[in-house]
Amino acid sequence: MAKASNKSLNLILMLSLLVLVSMAESRFLSAKGTPQCDTVVDVGVESGVTCFDIQQKFQLTSEFFDSINPNLDCDALFMGQWICVDGSAN
């Protein structure tokens, strides 16, 4: 009888832990909203053009630029890449 009680208690504890972890992950994943891009430019990236150059050209702070381009890899810009230069980070 005690073994069945311990197994039930362990099962309840494991399920509770699983629920807590799932809730915590969903909060972290949904903490950021999807950025809303109002203006996209096709940057004719020339050799040596950086994200900083684009930020300066459009007078954007690095925080705002990063928030509206969350998946942009500044180390791998390529010719014809679309970059958001106006919008909201939500």
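Rules behind the numbers
Along each chain, the written sequence defines residue order, and numbers are assigned to residues from 1. Only residues with pLDDT of 70 or above have their local features reported here, since the model is predicted, and side-chain atom pairs are shown and tallied only from 80 upward, although totals for entire chains, interfaces and linings are computed over all residues. Remark: hydrogens and water are excluded; side-chain values derive from all non-hydrogen atoms of the structure. Each helix is a run of H or I in the DSSP string that is no shorter than four residues. Each strand is a run of E no shorter than two, and both are numbered from the N terminus. With a 1.4 Å probe rolled over the protein chains alone, any residue whose accessible area is under 20% of its type maximum counts as buried; one over 50% counts as exposed, and the rest are partly exposed. Any two residues whose heavy atoms approach within 4.5 Å are treated as being in contact. Pairs of N or O atoms are called polar contacts if they sit within 3.5 Å, as long as, within protein, a hydrogen donor faces a hydrogen acceptor (for residues adjacent in sequence, only side-chain-to-side-chain pairs). Only residues whose relative accessible area exceeds 30% and that take part in no salt bridge are eligible for patches, with like-charged residues grouped when within 9 Å of each other and nonpolar side chains (Val, Leu, Ile, Met, Phe, Trp, Tyr) grouped when within 5 Å. Only the protein chains shown count as covering a residue, and every accessible area follows the Shrake-Rupley method with a 1.4 Å probe. Each reported salt bridge corresponds to a side-chain nitrogen of Lys or Arg within 4 Å of a carboxyl oxygen of Asp or Glu. A pair of sulfur atoms, both from cysteines and within 2.5 Å, is called a disulfide here.

Enquirer: When you look at the environment of D86 in this model, what are you seeing that I'm missing?
Expert: Topologically, D86 is positioned in strand 2 (residues 81–88). The partly exposed category is assigned to D86, whose relative accessible area is 37%. Discounting residues that sit within four places of it in the chain, D86 has contacts with Q36, C37, D38, T39 and I68.

Enquirer: Explain the environment of S16 to me, please; I cannot follow it from the model alone.
Expert: Here S16 lies in helix 1 (residues 2–30). Polar side-chain contacts of S16 include one of 2.8 Å to the backbone oxygen of I12.

Enquirer: It is not clear to me how a nonpolar patch on the surface should be interpreted in this structure. Could you clarify?
Expert: Residues L11, L15 and L18 make up a contiguous nonpolar surface patch of about 300 Å² in total accessible area. Here L15 shows up in helix 1. Residue classification places L15 among the partly exposed positions, given a relative accessible area of 47%.

Enquirer: Quick question: what am I supposed to make of the side chain of Q81 here?
Expert: Structurally, Q81 is set in strand 2. Judged by relative accessible area, Q81 falls into the buried class, the value being 10%. At 3.1 Å, the side chain of Q81 forms a polar contact with the backbone nitrogen of F78.

Enquirer: Just checking my understanding: could you explain the state of the cysteines for this structure?
Expert: Covalent bonding between the sulfur atoms of two cysteines is what defines a disulfide. Per the counting criterion, the structure on display carries two disulfides. C37 shares a disulfide with C84; S-S distance 2.1 Å. Taking the torsion about the sulfur-sulfur bond, which here is approximately 115°, the covalent link between C37 and C84 counts as right-handed. Separated by 47 residues along the polypeptide, C37 in strand 1 (residues 36–43) and C84 in strand 2 bring together distant segments of the chain. Assessed through its relative accessible area of 4%, C84 is described here as buried. A sulfur-sulfur distance of 2.0 Å marks the disulfide that ties C51 to C74. For the disulfide bridge between C51 and C74, the dihedral angle about the S-S bond is near -100°, and by the sign convention the bridge is left-handed. Here C51 is found in helix 2 (residues 51–57), whereas its partner C74 is found in the loop between helix 3 (62–68) and strand 2, with 23 residues between them in sequence.

Note that all results are geometric; they support no functional claim without further evidence.
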